[in-house]
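What follows is the residue order along each chain.
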Amino acid sequence: MKRYLPHTLLAAGLAGAAILHFVSPQLDDYAVNILVLAGINVILAASLNLVNGHTGQFSLGHAGFMAAGAYASSIATLALAPLVAQAGQPAQHALFLAALLFGGLFASLCGLLVGIPSLRLRGDYLAIVTLGFGEIIRVVIQNTNALGGARGLEGIPAWTNLFWTWGTAVVCIYTIACLVNSTYGRGFIAVRDDEIAAESMGINTTKYKVIAFVIGAFFAGMAGGLYAHLITFIAPEGFNFLKSVDVVVMVILGGMGSTPGVVAAAILLTLLNELLRDFEQYRMIVFALLLILLMILRPQGLLGNFHKRPKAKP
Amino acid sequence: MKSLLELAGVGIQFGGLKAVDALDFTMPEGGLLGLIGPNGAGKTTVFNMITGVYRPTSGRIVFNGGTISGIGPSRITRLGVARTFQNIRLFESLSVFDNVRTAMITSLRHGISHALTRGPAFRAEEDRIRAGAMELLGIFDLAEAADRDAVSLSYGDRRRLEIVRALATGPRLLLLDEPAAGMNPTEKTRLMELIAFIRSKFSITVLLVEHDMKVVMGICEKIVVLNYGRKIAEGTPGEIRTSPLVIEAYLGKESAHA
């Protein structure tokens, strides 16, 4: 039974997402919206955690991948939605899933193109290159009329619901947990701990970094697609540098390399954001104070260094 | 005897500095060669060239019949060269077991897709790696510590774990960079026994960089002496001990005549 634990947890997670979806009519729209946003943030934070936390490569370009996925999936649904309008619910869901996957794949292609040259860099340099990439994506969209330019893209069908969001979040967490908790995936942590030693143990560190980057970008792209089909309107400004920083804050707050911590932080920060909505101007002050306090009191993050290891003896 | 490692005219230049110049030596399969020399003689640089961390600017390194100079460290490791580091470089956030398991990535036949689907093939492979890692840890008396953090081990155990981790990559040639550094006399004696044991148990060829003369003279069959990046002597421990050039390099000219 224990051997099938990962599969069981995946199935339970998906079932949970479905239950959440079916009870959602009982909740008011505001609550549903916040739950969906929390799910999207969980996907963003967990996927960035694979790159920044587990693999130790400091990326500041997550909003760029989110934008790539958001625009790619929106273009796809906008073009194909009229075709399935008559075909009913199942066809619409299938199109949405395909569009989300398309957005994810497009974002991961961007991740591959950016990752191969830039992952030879380390630390600050990588941060700057990924930051630059995020800005390039935003500026390119801003100046492309076919994508709506600075005005944005509107009329995207509102197809995002709790099932798709939390289903994706569950798959994202499953993917990352399975990867990191395998012999193959221990390589990611080895790369973070000591690149020279990892290379000397036969680990192709560049390949590992690119894989982490591509998987991270894939889920960021999915999150972007979900976000676009929630808000139904996307503009390049929504994917600026500050959005990347938001996600980095979630990862640092939760604890680099701790998936449970990062998931908790993503939910917590989404809720905090809403609670502080009435104090709009002071929100950033609270966030900044929170980070400063955390760095003083718990530099490893909320749940950093808290993850359980698999036992060596069966 | 067939030679496993051969360095032919190997040199490396960092800007205007020739760190290693025209170095030649060969190692027979199963041999134990010591590389010694005063501080800054270029011993670790030679290690870094053999393992691919540095690319030699001249000469050729041949391992097991193929040229390895110029290819990356991870590929060289996969060909069968493993190393330890002068300043211990364990994966500090991983457990003792995970440190060894990570080094066995070279033997994985299944990659990402199996890690995600977690099917029978994946589980069989994880079981094989778990058993292999635990067996290695057992041989070196580290099985009890398998679930502990690598950093929590004592200094001597960390050095030993580094050797176990290097062996887990399944090497034919093991490079040990100053394994006796910081050890007390008892630990040094145990280290010498350990190296002898590794050679007999795994039929492995060992290249040893070491400062400690007692260790080097005690176990090496052949010694190469470097000074200022050049080979100044090569021979058995007995020959090296009496070589005037070596005494001069270590103690200076006056003492050589004293």
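One can find the structure itself at the top, above this paragraph.
A brief look at the structure comes next. (Residues numbered from 1 in each chain as written. Chains lettered and ligands numbered in written order. Predicted model: local features only at pLDDT ≥ 70, side-chain atom pairs only at ≥ 80, totals over all residues.)

### Description of the sheet that holds strand S8 (residues 205-209) of chain B
Strands in a sheet are paired, the pairing made by backbone hydrogen bonds, and the direction either parallel or antiparallel.
All names here are of chain B.
And step 1. With mixed pairing, the six strands of this open sheet are ordered in space as S6-S7-S8-S3-S9-S10. The sheet is open, and its two borders are formed by strand S6 (81-83) and strand S10 (230-235), each paired with just one other strand. Ignoring which end each strand starts from, the neighbouring axes of this sheet average 20° apart.
And step 2. Bridge count between strand S3 (residues 32-36) and S8: four bridges; the pairing is parallel. Looking across to S8, one finds that Gly 34 is bridged to Leu 208. (Pairing = 2+ DSSP bridges. Helix = DSSP H or I, 4+ residues; strand = E, 2+ residues; numbered from the N terminus. Axes fitted to C-alpha atoms, helices over the stretch in contact; angles between N-to-C directions.)

### Some points on the sheet that holds strand S4 (residues 58-63) of chain B
All names here are of chain B.
And step 1. One open sheet accounts for four strands, arranged S2-S1-S4-S5; its pairing is antiparallel. The outermost strands of the open sheet, each flanked by one partner alone, are strand S2 (17-28) and strand S5 (66-67).
And step 2. Pairing between strand S1 (residues 3-14) and S4: five bridges, direction antiparallel. Paired with Leu 5 across the strands is Phe 63, a residue of S4.
And step 3. Packing against the sheet, helix H1 (residues 43-50) makes contact with S1, S2 and S4, and its axis sits at approximately 65° to S2. (Contact = placed C-beta atoms within 7 Å.)

### Concerning the nonpolar core
And step 1. Counting residues in each nonpolar core, the largest one holds 164 residues, and the members touching the most others are Ile43(A), Ala45(A), Ala223(A) and Ala266(A).
And step 2. Broken down by element, the residue count for this core peaks at 16 residues, all from helix H9 (residues 205-231) of chain A.
And step 3. There are two domains that each give this core at least three residues, and those are domain 1 (1-80 + 171-258) and domain 2 (94-170) of chain B.
And step 4. Aside from chain neighbours lying at most four places away, what touches Ala45(A) is Val247(A), Met250(A), Val251(A), Gly254(A), Val262(A), Ala265(A) and Ala266(A). (Core = buried A, V, L, I, M, F, W, Y, C linked by C-beta atoms within 7 Å. Buried ≥ 20, exposed ≤ 12 C-beta atoms within 10 Å, placed from the backbone. Domains from an automatic or database assignment.)

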